[in-house]
Amino acid sequence: MNTVRLTTAQALVRFLANQYSERDGREQRLVPGVWGIFGHGNVAGLGQALLQAALTGEADLPYHLARNEQGMVHAAVAYAKMRDRLSAFACTASTGPGSTNMITGAALATTNRLPVLLLPSDMFATRAADPVLQQLEDGRGGDVTVNDAFRSVSRYFDRISRPEQLVPAALAAMRVLTDPVETGAVTLALPQDVQAEAYDWPVEFFRRRVWHVGRPVPEPRAVERAARLLRGARRPLVVAGGGTVYSGAQERLRAFAAATGIPVADTHAGKGAVPWDHPCAVGGIGSTGSLAANELAGEADVVLGIGTRYSDFTTASHTVFGDPGVAFVNLNVARLDAVKHAAEPLVADALLGIDALADALAGRQVEEAYRRRTRELIDRTREIEDRCFAVGHGPLPAQTEILGVLNDVLDDRDVVINAAGSMPGDLQQLWRARDPKAYHVEYAYSCMGYEVAAGVGAKMADPSREVVVLVGDGSYLMMAQEIVTMVSEGLKVIVVLVQNHGFASIGSLSEALGSQRFGTRYRFRDERSGLLDGGVLPVDLAANAASLGADVLHADSVATFREAVVKARAADRTTVVHVETDLYGPNPPAHGWWDVPVSEVSALDSTRAAYRTYAARKRAQRHYL
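Before going into details, it helps to say that this report is about the structure given with it. Along each chain, residues carry numbers from 1 onward, in the same order as the chain's sequence is written. For this predicted model, a pLDDT threshold of at least 70 governs which residues receive local features, and a threshold of 80 or more governs which side-chain atom pairs are given and counted, while totals over whole chains, interfaces and linings are taken from all residues. Hydrogens and waters are ignored; side-chain quantities use all the structure's heavy atoms.

### Remarks on the side chain of Asn112
Comment: elements are numbered from the N terminus, with helices defined as DSSP H or I runs of at least four residues and strands as E runs of at least two. Along the chain, Asn112 falls in helix α5 (residues 103-112). Polar contact is defined as a pair of N or O atoms within 3.5 Å, subject to the rule that within protein one atom must be able to donate a hydrogen and the other to accept it, and that residues adjacent in sequence are counted only when both atoms are side-chain atoms. Here the side chain of Asn112 touches Leu108 through a polar contact of 2.8 Å, landing on its backbone oxygen. Residue contacts are counted whenever heavy atoms from the two residues lie within 4.5 Å of one another. If we skip the residues at most four places from it in the chain, Asn112 touches Glu442, Tyr443, Ala444 and Tyr445.

The structure is reproduced here in structure tokens:
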């Protein structure tokens with residue numbers, strides 16, 4: 001057997017550089033590069049290996065420097081999302097805090113079912129110098145390290161305690177990264193001494209490998225059962241989720257909707273699969289859904305879920321589907337999701353499943369009365385949107401007016417990124433997407449701090465698109481440092497920084513739940529009350545953005561914001577548009593409910609009143625059986 005002597009880190013770099021994925025005859029690099037921050041746990045291991053690869057050309061695996069370990073995972077996840085999960089970056093971090101900083105990113109990746117390869121450095125496998133700097137000592141066992149915290153948030157975890165263990169572990173990692181059902185964070189913990197240890201590796205380990213991403217074919221009898229339910233439906237509704245987009249099934253879904261007349265609602269991950277102005281598009285569904293989508297959901301007798309995991313925001317905490325006999329047909333590549341809500345499962349790739357259902361339902365169309373009902377609700381929904389865009393609020397503009405400007409100014413291919421706060425709810429109702437890649441809202445983990453870092457990954461994934469990071473001051477303060485990465489990598493990204501001096505979403509929720517916006521505003525501590533409800537803090541986030549290397553534009557009205565966005569689009573480098581909005585809204589009207597428990601007993605009148613409302617809404621909640 002031919003062998004080559006390399007360190008474990010050098011072998012891993014060479015292996016990763018030769019991995020490819022393929023779907024529908026199109027191949028791409030599976031691991032296009034490595035994000036990293038070096039410390040004593042990886043600088044002499046993976047750091048040396050990446051340097052050697054760059055200088056000698058023995059492996060093509062570019063290195064990208066991040067400024068925060070969580071941020072680099074977010075960037076990697078955004079890249080994978082834009083690439084339909086067919087490519088996934090690796091992320092290397094140093095021992096201890098550098099590695100544990102990646103745990104939140106791992107949870108986000110796994111919750112969103114997006115692939116990322118995490119390479120946290122670990123303690124000495126030999127234990128020659130226990131305890132070393134940044135080592136957690138656990139009295140339960142000597143083999144426990146902080147990296148064990150990755151186990152619960154990874155779809156695959158392994159610790160490489162000997163060099164030869166890398167061979168099966170690396171192959172298993174690629175299997176999980178390329179499996180649409182199993183994918184998520186994949187973690188290979190690498191002890192710092194093992195990274196630098198040499199071994200005679202089989203040359204065959206480094207051959208070019210192509211991992212074929214298949215399209216599971218729907219089982220004919222399952223198609224028959226699903227079609228039977230849909231043929232008998234008088235008020236069917238489609239819920240399009242992220243699986244529709246990752247499968248590349250958006251054109252098939254648009255044709256299916258046009259042929260059958262079935263209205264299509266969407267989740268955050270599925271928005272844009274059917275363009276907002278398609279005759280069957282009824283908008284976002286659930287807790288922050290549109291009037292049209294939620295009214296039709298309340299009346300639907302059969303719901304066809306395509307590639308959705310049915311989060312509580314999608315089901316409005318099990319209240320949005322109101323028909324007592326509502327039945328579900330779930331088309332999903334994962335059986336876990338296909339059987340939810342006692343559904344008739346159709347376990348298959350979304351594209352092939354839609355094709356099969358279209359054939360089975362050929363000639364079947366909804367009744368004209370149902371079409372009229374759908375059109376009427378769409379018209380009413382558009383009126384609501386238009387009023388939100390032109391509310392004429394003052395002295396500070398409403399956030400909805402900012403979204404109105406962006407809807408108007410941005411191109412259909414421009415990518416809008418968001419994840420947390422009040423903006424995802426506003427976006428789900430108000431954003432008019434024609435292209436699913438143009439709507440990039442992370443709402444499975446809804447992680448504050450995702451947005452700026454995700455802008456880096458999205459722009460790297462598709463440099464031909466304008467990328468617009470839409471971030472509130474709360475998320476910006478969590479993690480803005482990857483602006484430096486945008487600048488250093490020469491990436492042109494627009495960051496729309498919406499400053500309202502607090503947490504608008506949680507403040508509004510707090511008020512609705514009787515907690516009086518406690519702890520949700522950026523204020524000085526009041527000496528009399530002892531609470532954080534004094535004057536506004538003198539925070540200058542625009543100056544902060546400029547200090548990180550971005551160009552900064554200021555807007556203080558809807559008109560000046562429009563001018564600033566136009567100027568930012570014409571710029572050739574990262575530009576931050578800073579605009580202040582009213583913390584207290586107004587926001588779009590609510591058409592759904594979200595179950596957040598209220599204190600059952602309280603000394604506060606506001607909480608007692610909120611609990612009465614909560615108990616009344618709770619009565620509509622049900623299991624779909």
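Alright, that's what it looks like, and here's the rest.
### So, unusual backbone geometry
The phi torsion of most residues other than glycine is negative, and most of the peptide bonds are trans. Looking along the chain, the bond that leaves Asp130 and enters Pro131 is cis, with omega of -15°. Positive phi, close to 70°, is recorded for Arg85, a residue that is not glycine. Remark: exposure states derive from per-residue accessible area (1.4 Å probe, protein chains only) relative to the maximum for the residue type, with buried under 20%, exposed over 50%, and partly exposed in between. Residue classification places Arg85 among the buried residues on the basis of a relative accessible area of 15%. For Arg127, which is not glycine, the phi torsion reads 55° and is therefore positive. Among the structural elements, Arg127 can be located in the loop between β7 (116-122) and β8 (156-159).

### Comments concerning the pattern of salt bridges
Definition used for salt bridges: Asp or Glu carboxyl oxygen within 4 Å of a side-chain nitrogen of Lys or Arg. Across all of its chains, the model carries 42 salt bridges by this definition. A salt bridge links Arg375 to Glu368, with the nearest nitrogen and oxygen atoms 2.9 Å apart. Each of Asp122, Asp148, Arg151 and Arg159 takes part in a single network of salt bridges with overlapping partners.

### Comments concerning the sheet that holds strand β2 (residues 19-23)
We call two strands paired when DSSP finds no fewer than two bridges between them. The strand order across the open sheet formed by three strands is β3-β2-β11, and the pairing between neighbours is mixed. Two strands bound the open sheet, and with one partner strand each, they are β3 (26-29) and β11 (209-212). Each neighbouring strand pair of the sheet contributes to a mean axis angle of 30°, computed without reference to strand direction. Here β2 pairs with β3 via four bridges, running antiparallel. What sits directly across from Arg23, in β3, is Arg26. Note on geometry: axes are lines fitted to C-alpha atoms, helical ones only across the stretch in contact, with angles between N-to-C directions running from 0 to 180 degrees.

### Comments concerning the packing of aromatic side chains
Ring pairs shown here join Phe, Tyr and Trp side chains whose ring centres sit within 6.5 Å, with only the six-membered ring taken for Trp; geometry is labelled stacked below 30 degrees between planes, edge-to-face above 60, and tilted in between. For the structure on display, the rule yields 16 aromatic pairs. Look at Tyr310 and Phe328: their rings are 5.9 Å apart centre to centre, the planes differ by 90°, and that puts the pair in the edge-to-face class. Placement of the pair is Tyr310 in the loop between β15 (302-306) and α12 (312-315) and Phe328 in strand β16 (residues 327-332), with a sequence separation of 18 residues. Classification of Tyr310 by relative accessible area gives buried; the value is 7%. Look at Phe328 and you get buried, because its relative accessible area is 1%. Taking the ring centre of Phe206 as reference, the NZ or CZ of Arg14 above it sits at 5.6 Å. Across from the ring centre of Tyr20, 3.9 Å away, lies the NZ or CZ of Arg208, which sits over that ring. By definition here, charges over rings are those cases where NZ of Lys or CZ of Arg is within 6 Å of the ring centre and within 35 degrees of the ring normal.

### What to know about the packing of helix α8 (residues 220-231) against helix α14 (residues 350-360)
Contact geometry of α8 with α14 gives a least axis separation of 10 Å together with a crossing angle of 55°. When the axis of α8 is compared with that of α14, the two are oblique. At the point where α8 passes α14, the crossing takes the right-handed sense. Side by side, α8 and α14 meet where Val223, Ala226, Ala227, Leu230 and Arg231 of the first sit next to Ala356, Leu357 and Ala360 of the second. Should an angle fall under 35 degrees it is called roughly parallel, over 145 degrees roughly antiparallel, and 65 to 115 degrees roughly perpendicular, with every other angle called oblique. By convention, the crossing between two helices is left-handed when the near helix turns anticlockwise from the far helix through less than a right angle, and right-handed when the turn is clockwise.

### Description of the pairing of strand β20 (residues 467-472)
The buried fraction of β20 amounts to six of the six residues, a majority that puts the element mostly inside the structure. Where burial is concerned, the two faces of β20 agree: the one with Val467, Val469 and Val471 and the one with Val468, Leu470 and Gly472 are both buried. Pairing between strand β18 (residues 415-418) and β20: three bridges, direction parallel. Along β20, the bridge assignment pairs Val416 with Val468. Bridge count between β20 and strand β21 (residues 494-499): five bridges; the pairing is parallel. When the sheet's bridge partners are listed, Gly472 is paired in β21 with Val498.

### Topic: the sheet that holds β16
Taking strand neighbours across the sheet as the criterion, the six strands line up as β14-β13-β12-β15-β16-β17 in an open arrangement whose pairing is parallel. In this open sheet, the two edge strands, each paired with only one partner strand, are β14 (281-284) and β17 (344-347). Across the sheet, the mean angle separating the axes of adjacent strands is 20° when strand polarity is ignored. Note that strand β12 (residues 236-240) and strand β13 (residues 264-266) share three bridges and pair parallel. The residue of β13 that forms the bridge with Val239 is Ala265. This element, helix α11 (residues 291-299), spans β12, β13 and β14 of the sheet and lies at about 100° to β14.

### Observations concerning the side chain of Gln428
In this fold, Gln428 is placed in helix α17 (residues 423-430). Judged by its relative accessible area of 3%, Gln428 is buried. If we ignore the near neighbours within four places in the chain, the residues touching Gln428 are Asp266, Thr267, His268, Lys271, Gly284, Ile285, Thr288, Gly289 and Tyr439.

Any link to function would need more than the numbers given here.
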